[in-house]
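What follows is each chain in one-letter form.
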Amino acid sequence: MRYTIDKHERYVVIEPLISNLDAAAAAFLKGEFMLRNTSGQRNIVLDLSQVQDICEEGVRMGLLADRLCQGADGMFIITGLTPAVRQILKVAHLDAFFTIVKNLSEAEDLIFGNEIQRDLIGGK
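Within any chain, residue numbers begin from 1 and follow the written order of that chain's sequence. Given that this is a predicted model, residues contribute local features only at a pLDDT of at least 70 and side-chain atom pairs are listed and counted only at 80 or more, while totals for whole chains, interfaces and linings are drawn from all residues. Side-chain measures here rest on the full set of heavy atoms in the structure, leaving out hydrogens and waters.

A. Broad picture of the sheet that holds strand β6 (residues 76–79). Spatially, 5 strands are ordered β1-β2-β4-β6-β7 in an open sheet, and the strand pairing comes out mixed. The open sheet has two free edges, formed respectively by β1 (3–7) and β7 (99–101), since each of these has just one partner strand. The mean angle between the axes of side-by-side strands here comes to 20°, regardless of whether they run parallel or antiparallel. Strands pair, by our definition, only if DSSP identifies at least two bridges between them. Note on conventions: DSSP H or I runs of at least 4 residues are helices, E runs of at least 2 residues are strands, and numbering of each starts at the N terminus. Where β1 and strand β2 (residues 12–16) come together, 5 bridges link them in antiparallel fashion. Of the residues in β2, the one forming a bridge with Tyr3 is Pro16. Two residues qualify as a contact provided that any one of their heavy atoms is within 4.5 Å of a heavy atom in the partner residue. Helix axes are fitted to C-alpha atoms over the stretch in contact, other axes to C-alpha atoms as well, and angles between N-to-C directions run from 0 to 180 degrees. The strands touched by helix α1 (residues 23–38) are β1, β2, β4 (44–47) and β6; relative to β2, the strand with the most contacts, the crossing angle is about 170°. Across the sheet, helix α2 (residues 56–71) is in contact with β4 and β6; its angle to β6 comes to roughly 140°.

B. Region of the structure containing the nonpolar core. What we call a nonpolar core is a set of buried Ala, Val, Leu, Ile, Met, Phe, Trp, Tyr and Cys residues that are connected through their side-chain atoms within 4.5 Å. Exposed residues in this analysis have more than 50% of their type's maximum accessible area, buried residues have under 20%, and partly exposed residues fall in between, with area computed by a 1.4 Å probe over protein chains only. Counting residues in each nonpolar core, the largest one holds 24 residues, and the members touching the most others are Leu21, Phe33, Leu48 and Phe76. At the level of elements, β2, α1, β4, α2, β6 and α3 (83–91) are the ones that each hand at least two residues to this core. When near neighbours in sequence (up to four residues on either side) are disregarded, Phe76 contacts Phe33, Ile44, Leu46, Gly62, Ala65, Asp66, Cys69, Phe98 and Thr99. Tyr11, Val45, Met75 and Ile111 belong to the second-largest nonpolar core, a separate cluster that totals 8 residues.

C. Quick look at the side chain of Thr79. In this fold, Thr79 is placed in strand β6. By the criterion applied in these results, polar contacts are pairs of N or O atoms within 3.5 Å in which, for protein atoms, one can donate a hydrogen and the other can accept it, and in which residues neighboring in sequence qualify only through two side-chain atoms. Separated by 3.3 Å, the side chain of Thr79 and the backbone oxygen of Val101 make a polar contact. Ignoring anything within four residues of it in the chain, the contact list for Thr79 reads Val45, Leu46, Asp47, Leu48, Ser49, Val101, Lys102, Asn103 and Leu104.

D. Layout of the pattern of salt bridges. Between Lys or Arg on one side and Asp or Glu on the other, a salt bridge is scored when a side-chain nitrogen of the former is within 4 Å of a carboxyl oxygen of the latter. Applying the stated criterion across every chain, the model contains 7 salt bridges. With its nearest N and O atoms 2.8 Å apart, the salt bridge here joins Glu115 to Arg10. Here the residue Glu115 occupies a position in helix α4 (residues 104–120), and Arg10 occupies one in the loop between β1 and β2, the gap between them amounting to 105 residues. Taking relative accessible area as the criterion, Glu115 reaches 2% and is therefore assigned buried.

Just distances and angles here, no functional claims.
As structure tokens, then:
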């Protein structure tokens, strides 16, 4: 599976470069999320701007990533949703569950706000 990873100091952006996020791609991304999480990365942004369709396993992959990030006091943010993928999440009633933003700039703002809040209350 083709994808890009853009590492930053406080977060990582993962962008699958595929049009269909199927079960095989979802399994690969699950492994990538777990690797990033165990290496100390607590904030993950998933850029789905290239993805036109997502299967049930792809949705579950997002749920796992969200759980991993929350367990580390971080954030899992989805950005770049196409109308088709947004509709799939809406039908599954997950559009309100996930943190979804329009672009990477909004994701950065949320992450930095969360990190400042953590620092102020004495988080790690």
